[in-house]
Amino acid sequence: MNNKPQLYNIGKQLLEQFQLKNNRFFFEFNDKNIESDESIKDFIVNNLNIPFQNDSIDIIYKQIPENGITYHIDDCILITKKYEPTYNKGRFIKISENKYLYFNNRFNKLPQKTIIFYLSTYGDDFTGGILRLCDDFEIKPKKYTGIVLDSREVHMVTQIKNGIRNIILVKIY
């Protein structure tokens, strides 16, 4: 019997279906790159070569909760429908006969990229808090490094055992 949550298995399906691993990459930055929302946007365009519309980006400063975060896709819920959706088709991904991922956000579209700027270091500032992707790839964050992911990637963060794990999360729609 598989003890992994349903969304983990869906994540494995999405990895293969959309070749999501091909969209991951790591980067480094410094304090000047994250002084303001504008400097973050400039860094994304000029250093990561990711274009976006100014009205299609969210920048979120956050701490990961102590209990971590279970497997999920940002801005997404798993729904069951008897019939294939006839409205907002661009916000659905079909998973099986009557199961769909539905992306619900203020932009009314699928998110494209998730960018994480790490502001604390695993082992120095906190323990626990490991980012785990559905291919069991794990990231132990290091300050001034970051990762770009396809926003359809299912992921989780393990429980924080001590300390504080700070990030800047950027979603591009």
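Keep in mind that this is a model prediction, so the values were computed, not measured.

(A) Representation of the overall build of the protein in the model. Scanning the protein for helices and strands turns up two helices and 14 strands. Against the 2.2 N^0.38 benchmark of 16 Å for 173 residues, the protein shows a C-alpha radius of gyration of 17 Å, consistent with a compact globule. Residues classed as buried in the protein amount to 49% of the 173 residues present. Contacts spanning at least 24 positions in sequence make up 72% of the contacts within the protein whose residues lie at least 6 apart. A total accessible area of about 9,600 Å² is found for the protein, and carbon and sulfur atoms account for 45% of it.

(B) The arrangement of helix α1 (residues 6–18) in detail. Look at α1: 18 Å from first C-alpha to last across 13 residues, which is about the 18 Å you get at 1.5 Å a residue. Turning to α1, its buried residues number three or more, namely Leu-7, Tyr-8, Ile-10, Gly-11, Leu-14 and Leu-15. Viewed end-on, α1 has its buried residues packed into an arc of 160 degrees, placing them on one side of the element. Those residues of α1 that are buried lie in contact with β3 (69–72), β4 (76–80), β5 (92–94) and β6 (99–103). Residue Gln-19 follows α1 closely and has a positive phi angle near 50 degrees.

(C) Layout of the pattern of salt bridges. For the structure shown, the criterion picks out eight salt bridges. The salt bridge involving Arg-24 is made with Asp-135; its shortest N-O contact spans 2.9 Å. In this pair, Arg-24 sits in the loop between α1 and β1 (25–28) while Asp-135 sits in the loop between β9 (131–133) and β10 (138–139), placing the two residues 111 residues apart along the sequence. The class for Arg-24 is buried, based on a relative accessible area of 16%. Between Arg-24 and Glu-153 there is a salt bridge, and its shortest N-O distance comes to 2.7 Å. Taken as a pair, Arg-24 in the loop between α1 and β1 and Glu-153 in the loop between β11 (145–150) and β12 (155–157) lie far apart in primary sequence, 129 residues in all. Accessibility classification places Arg-24 together with Glu-153 in one group, the buried group. Taken together, the salt bridges that share partners define one network made up of Lys-21, Arg-24, Asp-135 and Glu-153.

(D) Expanded view of the packing of aromatic side chains. Overall, the coordinates contain 13 aromatic pairs when judged by the stated rule. Judged by centre distance (5.7 Å) and plane angle (75 degrees), the ring pair of Phe-29 and Tyr-144 falls under edge-to-face. Of this pair, Phe-29 sits in the loop between β1 and α2 (37–46) while Tyr-144 sits in the loop between β10 and β11, and the two are 115 residues apart along the sequence. On the basis of relative accessibility, which here comes to 26%, the residue Tyr-144 falls in the partly exposed class. Here the aromatic residues Phe-27, Phe-29, Phe-43, Phe-117 and Tyr-144 are joined through ring pairs into a cluster of three or more.

What counts, and where the lines are drawn
- The numbering scheme is per chain: residues are counted from 1 as the chain's sequence reads.
- Reporting in this predicted model follows two pLDDT cut-offs: at least 70 for local features of residues, and 80 or more for side-chain atom pairs to be given and counted; totals over whole chains, interfaces and linings ignore these cut-offs and use all residues.
- To get the side-chain values, all heavy atoms of the structure are used, and hydrogens and water are removed first.
- Runs of E in the DSSP output that reach at least two residues are strands. Runs of H or I that reach at least four are helices, and both are numbered from the N terminus.
- The quantity called the radius of gyration is restricted to C-alpha atoms. Its globule counterpart is 2.2 Å times the number of residues to the power 0.38.
- Burial classes: relative accessible area under 20% of the type maximum marks a residue as buried, over 50% as exposed, and values in between as partly exposed (1.4 Å probe, protein chains only).
- Between two residues, a contact is recorded if the distance between any of their heavy atoms is within 4.5 Å.
- Using the Shrake-Rupley algorithm and a 1.4 Å probe, accessible areas are obtained, with residue cover drawn only from the displayed protein chains.
- Expected helix span is taken as 1.5 Å per residue step, with the number of steps being one fewer than the number of residues.
- The directions considered for the arc run from the helix axis to the C-beta atoms.
- Salt bridges are identified by distance alone: a Lys or Arg side-chain nitrogen within 4 Å of an Asp or Glu carboxyl oxygen.
- Whether two aromatic rings pair depends on their centres lying within 6.5 Å, for rings of Phe, Tyr and Trp, where Trp uses its six-membered ring; planes under 30 degrees apart make the pair stacked, over 60 edge-to-face, and the rest tilted.

Nothing here speaks to function; it is all geometry.
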